[in-house]
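Coordinate inspection notes
Listed here are the chains, written in short residue letters.
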Amino acid sequence: MSRNNNKKQQGWNPYSSNIQRFSIYPSIRNPEERSLRIGDVITVNIYDIDEKGNGVVRYGDKKIIIPNATSGSRVKIKIIKIQGDIAIGHIISVLNESNSEY
């Protein structure tokens, strides 16, 4: 009689299972973890301007292009179009203007 045959097999392994599923606390996620969808409203800092004069922002794995945005501004935008890894955003409000003069 072998020792392994008499041993009851454990069906749940605490080291390889999703412990969050059993938790009473909600999962905390970063905005980058969630995928970007059309209609989402987000706040971003414009860090770059492309060759056409549009603002450019990286948000997670997406590049967001924002027309009529100035570099250095903090704006609230609404996502209006997503195509591949590029999204187009529309400015809802400007929270902080850039300090640079043109």
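Criteria and thresholds
- Residues numbered from 1 in each chain as written.
- Predicted model: local features only at pLDDT ≥ 70, side-chain atom pairs only at ≥ 80, totals over all residues.
- Heavy atoms only, no water.
- Helix = DSSP H or I, 4+ residues; strand = E, 2+ residues; numbered from the N terminus.
- Buried < 20%, exposed > 50% of the residue type's maximum accessible area, 1.4 Å probe, protein only.
- Contact = heavy atoms within 4.5 Å.
- Areas by Shrake-Rupley, 256 points an atom, 1.4 Å probe, with all protein chains shown as cover.
- Polar contact = N/O pair within 3.5 Å; in protein donor to acceptor, adjacent residues only side chain to side chain.
- Lys, Arg positive; Asp, Glu negative; His and termini not counted.
- Salt bridge = Lys/Arg side-chain N within 4 Å of Asp/Glu carboxyl O.
- pLDDT = per-residue confidence, 0-100.

**A closer look at the overall build of the chain**
For the chain, the helix and strand inventory stands at one helix and six strands. Tracing the chain from N to C terminus, the helices and strands come up as α-β-β-β-β-β-β. For the chain, the proportion of its 102 residues judged to be buried stands at 23%. The long-range share in the chain, meaning contacts at least 24 apart out of those at least 6 apart in sequence, stands at 39%. On the chain, roughly 8,200 Å² of surface is accessible, and the fraction owed to carbon and sulfur atoms is 48%.

**Details of the side chain of D50**
Mapped onto the elements, D50 comes out in the loop between strand 2 (48-49) and strand 3 (55-59). A distance of 2.7 Å separates a polar atom in the side chain of D50 from the backbone nitrogen of N54. Contacts of D50, omitting those with residues within four sequence positions, involve V56 and I65.

**Comments concerning the side chain of K62**
Mapped onto the elements, K62 comes out in strand 4 (residues 62-66). One buried charged residue, K62, remains without a salt bridge, the closest side chain of opposite sign being D61 at 4.8 Å.

**Focus on unusual backbone geometry**
Leaving glycine out, the prevailing phi sign among residues is negative, and the prevailing peptide bond configuration is trans. One non-glycine residue, N68, lies in the positive phi region at around 65°. Inspection of the secondary structure assignment puts N68 in the loop between strand 4 and strand 5 (74-83).

**Digging into the environment of I49**
With respect to the element layout, I49 can be found in strand 2. For the pair I49 and S71, spaced 22 residues apart in sequence, the C-alpha to C-alpha distance is 6.2 Å. For I49, the residues in contact, after removing those within four places along its chain, are N54, G55, V56, A69, T70 and S71.

**Details of the confidence of the model for the chain**
Detailed conclusions should not be drawn from predicted coordinates in areas where pLDDT is low. Across the chain, the average pLDDT comes to 79, with 66% of residues at 70 or higher. Taken element by element, the chain is modelled with least confidence in helix 1 (residues 3-6), mean pLDDT 54, and with most confidence in strand 5, mean pLDDT 94.

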